[in-house]
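In case you want the letters, here they are:
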Amino acid sequence: MKVENLKNEIDIWLKNYFDNKGTYNKKIYEAMKYSVDIGGKRVRPILHCITYEMYDKNYNRVMPIAGAIEMIHTYSLIHDDLPCMDNDDLRRGHPTNHKVFGDALAVLAGDGLLNEAMNIMFDFCTDKGKDELSACKIISNSAGAEGMIGGQVVDILSEGKKISYETLSYMHRKKTGALIRASILSGAIIVGASDNDLDKLSSFGSKLGLAFQIKDDVLDIDGNESVMGKPVKSDIDNDKTTFVTTFGLEDCRNKCKELTKECLGILSDLSKDTSNLEEITKYLLYRQC
């Protein structure tokens, strides 16, 4: 399985999911579909599928969960872009949801995507076992007050302040890292991976999530706006403490490389074909958007 082919499969699944939905409420599905369809790297659903695929080649079985994970991620982006949050006009090279549909529908589109994701996971778990329920619970937790929302709260409360490294780490471990780790772990749990493998994959997911966020902070300083499809230096404009403002650009670049090396070391310790996970780990280090 090639990672790029998998991304295309996820794109198709998401597109088909929203076809012909809605009647009097059709506009909300249009708003939800808009933000899902404008693209993205699909990192989280890819991580979910390729972790599952290490143990069972039939990764199509978990495609609904992969789709649900991407819906959760997209909901968070819609809300992040709102005027009351980061107030961004562009996302992935397109006008943000509230610029197209207005603030109220953008809020509801985010709410709709989160709830739709939960519906998909409930449907998936029907007539299945404890592993499927445990996996979906991890995903749900990662999106909640002890996950993404908790990290976002700290982000909002920290604007205009110099925060400690411990606070910064908590914020991004929750805001960014939680769903990345959950994407990996949930795929392994559903397929029945051993406790030993789950421990290793949990550590891998945590390190990968941290590397992902540090790279994001680096790209916010020296990224190419036309490649990224959104404004750069937005964290500086919003007076936020980042890994770059804390440690400097060069140290952050080096930290990304160190974390990537540690991630690859963990994967080499698994008695499975980890080539796809290695590929996306390296891609995330060198990505330009």
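For the structure itself, look to the data block above.
Right, let's walk through the structure included here. If you're wondering where the values come from, they're calculated on a predicted model, not measured in any experiment.

### Focus: the overall build of the protein chain
On a plain count of helices and strands, the protein chain comes out with 15 helices and two strands. Relative to its length of 289 residues, the protein chain is compact, with a C-alpha radius of gyration of 18 Å against a globular reference of 19 Å. Projected onto the principal axes, the alpha-carbon positions of the protein chain cover approximately 50 × 45 × 30 Å. The buried share of the protein chain, reckoned over its 289 residues, is 52%. Within the protein chain, one finds 37 positive and 44 negative side-chain charges whose respective centroids are separated by 1 Å.

### Here we look at the packing of aromatic side chains
Geometry of an aromatic ring pair is reported as the spacing of the ring centres plus the angle between the planes. Scanning the model with the defined rule gives five aromatic pairs in all. Seen in terms of ring centroids, Y34 and F101 are 5.7 Å apart; in terms of plane orientation they differ by 70°. Their pairing is edge-to-face. One end of the pair, Y34, is in helix α2 (residues 26–37); the other, F101, is in helix α5 (residues 97–101), with 67 residues separating them in the sequence. Given the relative accessible area of 19%, F101 is considered buried. Among the aromatic residues, those joined into a ring-pair cluster are W13, Y17 and F18. One residue, K21, lies across the ring of Y17, its end atom 4.6 Å from the ring centre. Across from the ring centre of F124, 4.5 Å away, lies the NZ or CZ of K128, which sits over that ring.

### Some thoughts on the side chain of H73
Position of H73 relative to the elements: it lies in helix α4 (residues 63–80). Setting aside chain neighbours within four positions, we find H73 in contact with R44, R92 and L179.

### Some thoughts on a nonpolar patch on the surface
Together, I149, V153, I156 and L157 line one region of the surface with nonpolar side chains, adding up to about 340 Å² of accessible area. Structurally, the position occupied by L157 is in helix α8 (residues 148–158).

### Focus: the nonpolar core
Membership of the largest hydrophobic core comes to 66 residues, with the highest contact counts inside it found for I72, L201 and F204. Ranked by residue count, the leading element in this core is α4, at nine residues. In contact with L201, other than residues within four places in its own chain, are T51, M54, Y55, I184, L185, A188, L270 and L277. Core analysis: the second largest hydrophobic core is formed by 13 residues, M171, V218, L259 and L285 among them.

### Regarding the packing of helix α6 (residues 103–125) against helix α7 (residues 130–143)
Two numbers describe how α6 lies on α7: the axes approach to 9 Å, and their chain directions differ by 170°. Taken together, the axes of α6 and α7 lie roughly antiparallel to each other. In contact with L114, M118, M121, F124 and C125 of α6, α7 contributes E132, L133, C136, I139, S140 and A143. In terms of residue class, the contact of α6 with α7 is built from nine nonpolar, one polar and one charged.

### Considering unusual backbone geometry
Phi is positive for R42, which is not a glycine, with a value near 60°. With respect to the secondary-structure elements, R42 resides in the loop between α2 and α3 (43–53). Here D127, not a glycine, exhibits a phi torsion of approximately 65°, which is positive. Structurally, D127 is set in the loop between α6 and α7. For D127, a relative accessible area of 77% puts it in the exposed group.

### Focus on the packing of helix α1 (residues 3–18) against α2
Two measures define how a pair of helices packs: the angle their axes make with one another and the distance between the axes. Put simply, α1 and α2 touch, their axes get as near as 10 Å, and they point 170° apart. The orientation of α1 with respect to α2, classified from their angle, is roughly antiparallel. Contacts from L14, K15 and F18 in α1 reach Y29, M32, K33, V36 and D37 in α2. Classifying every residue of the contact of α1 with α2 gives five nonpolar, no polar and three charged.

### Re α2
Since the α-helix turns once every 3.6 residues, residues separated by three or four places project in the same direction. Compared with an ideal rise of 1.5 Å per residue, which puts 12 residues at 16 Å, α2 spans 16 Å between its outermost C-alpha atoms and is within 8% of the ideal. Residues I28, Y29, A31, M32, K33, Y34, S35 and V36 constitute the buried set of α2. Against the buried residues of α2 lie α1, α4, β2 (94–95), α5 and α6. Residue G39 follows α2 closely and has a positive phi angle near 100°.

Thresholds, definitions, all that
- Residues numbered from 1 in each chain as written.
- Predicted model: local features only at pLDDT ≥ 70, side-chain atom pairs only at ≥ 80, totals over all residues.
- Heavy atoms only, no water.
- Helix = DSSP H or I, 4+ residues; strand = E, 2+ residues; numbered from the N terminus.
- Rg over C-alpha atoms; globule rule 2.2 N^0.38 Å.
- Buried < 20%, exposed > 50% of the residue type's maximum accessible area, 1.4 Å probe, protein only.
- Lys, Arg positive; Asp, Glu negative; His and termini not counted.
- Charge placed at Lys NZ, Arg CZ, Asp CG, Glu CD.
- Phe/Tyr/Trp six-rings, centres within 6.5 Å; stacked < 30°, edge-to-face > 60°.
- Lys NZ or Arg CZ within 6 Å of the ring centre and 35° of its normal.
- Contact = heavy atoms within 4.5 Å.
- Patch = residues over 30% accessible without salt bridge, like charges linked within 9 Å, V, L, I, M, F, W, Y side chains within 5 Å.
- Areas by Shrake-Rupley, 256 points an atom, 1.4 Å probe, with all protein chains shown as cover.
- Salt bridge = Lys/Arg side-chain N within 4 Å of Asp/Glu carboxyl O.
- Core = buried A, V, L, I, M, F, W, Y, C linked by side-chain atoms within 4.5 Å.
- Axes fitted to C-alpha atoms, helices over the stretch in contact; angles between N-to-C directions.
- Parallel < 35°, antiparallel > 145°, perpendicular 65-115°, else oblique.
- Nonpolar A, V, L, I, M, F, W, Y, C, P; charged D, E, K, R; others polar.
- Expected span 1.5 Å × (residues − 1).

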